[in-house]
Each structure stands twice: as C-alpha cells, then as structure tokens.
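# Observations on chain architecture
Listed here are the chains, written in short residue letters.
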Amino acid sequence: MDTVNFRCIHVDASVEIESTGCVKLCCESQLQMMKDDGTFLNVADDPIELAWTNPLRKEVKDAFERGERHKNCQLCWILEDAGIQSKRQRDSKSPFTPKTSLPDQPTWIDLKLGNICNIKCRTCWAGSSTKWMKEHYDLYEKSSGITYRQFASKYDQHMRTLSEGHIAWDKISQWAPGLQRVEFYGGEPMYSSHHWDFLQKIVDEGHAHHINLHYNTNGTIFPEQHIHIYEKFANVGINFSIDGIDKKFEYVRHPAKWNEVYSNIQKWKSISPFVNRKNNSFLSCCLTISNYNIHSTGETYNRMKEIFGYGPVPNFVHFSPEYKITNLPENVKPKMAEYLLKSFGDEMPAKTIINFMNSEKSNSELWRLFLKKMKLHDEYRKENFQETFPEYWQMISESR
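First, a word on what this report is: a plain description of the structure on this page.

Reading across from one edge, β2-β1-β3-β4-β5-β6-β7-β8 is the order of the eight strands in this open sheet, with mixed pairing throughout. The sheet is open, and its two edges are formed by β2 (23-24) and β8 (313-316), each paired on a single side.

So, in structure tokens, the structure goes:
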C-alpha cells in the first residue's frame, strides 16, 4: 500500500471530544481512548491534555506508518473498500485541514458540545439530542418502572461535557496559539452560548487569524447577534444537515420546519463572510442516508445543488444498524438502484449510494426491526411514513 496516500492526518493533528466526554482520534474512530487504569478517558472528569499523550494515538500512528489497517479506522476502510471516498481521504485532500503538527498539542480539535438540541432526527438518540429523551423514555423505559429522573440521570455526563466554565476550555484556550482548526458539533452547537465566549477570547488574544472554524448545524437557528465574529477568523465553514426537503425533511428531522430552515440558509448566504466567500468561507450541506430517506436522496441532492452550487456530502448511517441501507431487502436493492440512477442529476453520487447499499448482504432481522420502530415512532409522533414516502412504501410493500 502507498503509505503517503494511506496516511491519516487526524492522528498527527486532531483530538475529538464526544458529547459524552469520551475522546477519539476523529469522528470515524471506532475506539475510545483509555487511561492506564483501564477506564475510559473522559474530559467531563479528566484533563483534556491526556488525550494528546494517550497510547492509542501512537498505536494508530505506528500502524499507518507500517501501512496497516488499524481497527480504530474500520468505518473508513468499509467505505473505501466499497469504492466510496472516506472522511480520511476527503480530509487529507482538504485545503482547510492542518498540514503541520506540533509535538505537545493538537492543531485540530473536534468538539461536540453536549447533547442539547431542539430536534429529534429519526436516526438520532438521547445521547446526542435532549429532544429525544422523553420519547425514548415513554417508549422503551417507562414500562420498566424507573422514573424519568432516573432515566435522565444516565445523560448527566453529556450535560457536564464542555459545559460553561469547564476547565477544558482553559486548556483549549492555552492551545490557541498552535491551533489551526476547530470544529463544533452538537447536539446543536448554535445553542451553546459559552462557545461564543470562547471564540471571543480567541479573537481578543489575537489568534483568530490563523484558525479556521467548521460547524455542523441543523439550520434551525440563525445567530444574528454573533455572526460578526466570523470576520476575524481565517476561514469559516457552515455545514447544514439536510436529509430531505419539504414534508420529507420534516418527517426525518422532527419537529424542524423546512420553510424555516430554508429561510435561514438564505440569510446565511446573504451575509459576510459567506456572501463574498471571504477567505474562502463557505456554506455546505451534509445528507445523512438511512433506510428512512434513501429513496428520496436524488430529490434532496438535486435541490441542495441548486441552493449551494454543489451537491451535499453523503453520510451513511452505520449505527444503529437497523437504519443502515445495506439492510434494505435484497429483492428491493435492484429496484432502488434503478430508481436512484434515474432520480439523480449526477451519476456519481447515485453510484456511491448504490455501492454502499450493496457492500453487505441484508440482515432480515434488522430490516424487520426498522419497520417495527418506524411504526412505533409514527404512532408516538402522529406521523405516517406511508403517506410521506408513498413511492418508497409501494416499492418495499411489493417486495414482501
């Protein structure tokens, strides 16, 4: 294997803090970092700097240098073996990825700012969205006899991770002179008031000009009072999670409203630094593909290309596996492939989805679990998959 192309920039540059407080090398990592005592490293309670000296970093880095596929990076290998460009490959080519490293700190930090969120996407869970908590409790936990407070306490750690005043912010600020990239995820990162304070501190201390920022946002919030701060940074990328349009968007990303999100996108497009692409700042879109929305991905892709000027980056659901499109019934996959090739304006993204769909054999038990959960949550939310995705429903119904 070509060790230059095989190299992963994440190992040299990045630290990812999950909403749980656990630490990984990047968002595609399979393994969480551990401490010497065998417990998981967690920045809710442990110093964030332990992530940089963690043995897992060296282990994965050494594997890359030997041209070996470390199990930590399994999700990228799955995609690459299916002929799909992985995040590892995209980031290695990106002009916004740090190309240099420092011996005693990361130059790239990926921060998931807890699980505070105002929507509950169909493929999400309570650990990434507080909006999910009551629904999950009512459907899966209440019958066991535990109280809601007992259930919710399982997620207290998410609330403490990178909370306001957390000591980790001080260490990240100390790293600011060497930082080149900071990414913000959620929950919904635009809800985090203290992350704006962190950005202002970076500006005040004179480090913003060498740091590029990146966000994943659900698009429901337009933080007008804070946007001026982006002018100070080297580059800003705002990535919207859009998994459908109109009623299909609202079904998958309940209770977000398509017209409100579309209006917010237009606002983002009209302001500096995005209106004039200052310092190559940009707006983009990510399309998370699951068994809920695979049939409408062509419609979504084409519309997003009209709005942003380029198509969205595909993001395939791996967990929970019942939502993974590889578990579409085998007798449905050829029909789906034919439909996708017709519905996309561009052939390549359609083939990317088809390749992933066919990369594994369907698991019939997981498919039945998907249908069961779809019906259960439809009843709870008073929604109807069959009415929202009629052509897709007909396709899968005919295959039974």
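Attention shifts here to unusual backbone geometry. Going from His254 to Pro255, the amide bond is cis rather than trans, its omega being -5°. One can find Pro255 in the loop between α11 (246-252) and α12 (258-269). Unlike most non-glycine residues, Asn279 shows phi in positive territory, near 55°. Considering the arrangement of structural elements, one finds Asn279 in the loop between α12 and β7 (282-289). Note on Asn279: relative accessible area 42%, which makes it partly exposed. For Asn280, which is not glycine, the phi dihedral falls at a positive 60°.

The next point concerns the packing of aromatic side chains. Scanning the model with the defined rule gives 33 aromatic pairs in all. With a centroid separation of 6.2 Å and 70° between ring planes, the pair formed by Trp125 and Tyr155 is classed as edge-to-face. Of this pair, Trp125 sits in the loop between β3 (108-112) and α6 (133-141) while Tyr155 is found in the loop between α7 (148-152) and α8 (156-160), placing the two residues 30 residues apart along the sequence. Here the aromatic residues Phe184, Trp196, Tyr215, Phe222, Tyr230, Phe240, Trp268, Phe274 and Phe308 are joined through ring pairs into a cluster of three or more. For the cation-ring pair, Arg57 lies above Trp52, with the distance from its terminal atom to the ring centre recorded as 3.6 Å. Positioned over the ring face of Tyr185 is Lys112, at 4.8 Å from the centre of the ring.

We now examine the pattern of salt bridges. Applying the stated criterion to the full structure yields 27 salt bridges. Between Asp81 and Arg69 there is a salt bridge, with the nearest N and O atoms lying 3.0 Å from each other. Here Arg69 lies in the loop between α3 (55-65) and α4 (74-81) and Asp81 lies in helix α4, a separation of twelve residues in the sequence. For Asp81, a relative accessible area of 56% translates into the label exposed. The class of Arg69 is partly exposed, set by a relative accessible area of 40%. A salt bridge links Lys248 to Glu299; its shortest N-O distance comes to 3.2 Å. Here the residue Lys248 occupies a position in helix α11, and Glu299 occupies one in helix α13 (residues 297-308), the gap between them amounting to 51 residues. We classify Lys248 as partly exposed; its relative accessible area is 22%. For Glu299, a relative accessible area of 36% gives the class partly exposed. The network of salt bridges with common partners includes Glu16, Asp110 and Lys112.

Conventions and cut-offs
Residues numbered from 1 in each chain as written. Predicted model: local features only at pLDDT ≥ 70, side-chain atom pairs only at ≥ 80, totals over all residues. Heavy atoms only, no water. Pairing = 2+ DSSP bridges. Helix = DSSP H or I, 4+ residues; strand = E, 2+ residues; numbered from the N terminus. Buried < 20%, exposed > 50% of the residue type's maximum accessible area, 1.4 Å probe, protein only. Phe/Tyr/Trp six-rings, centres within 6.5 Å; stacked < 30°, edge-to-face > 60°. Lys NZ or Arg CZ within 6 Å of the ring centre and 35° of its normal. Salt bridge = Lys/Arg side-chain N within 4 Å of Asp/Glu carboxyl O.

These values are about where atoms sit, not about what they do.
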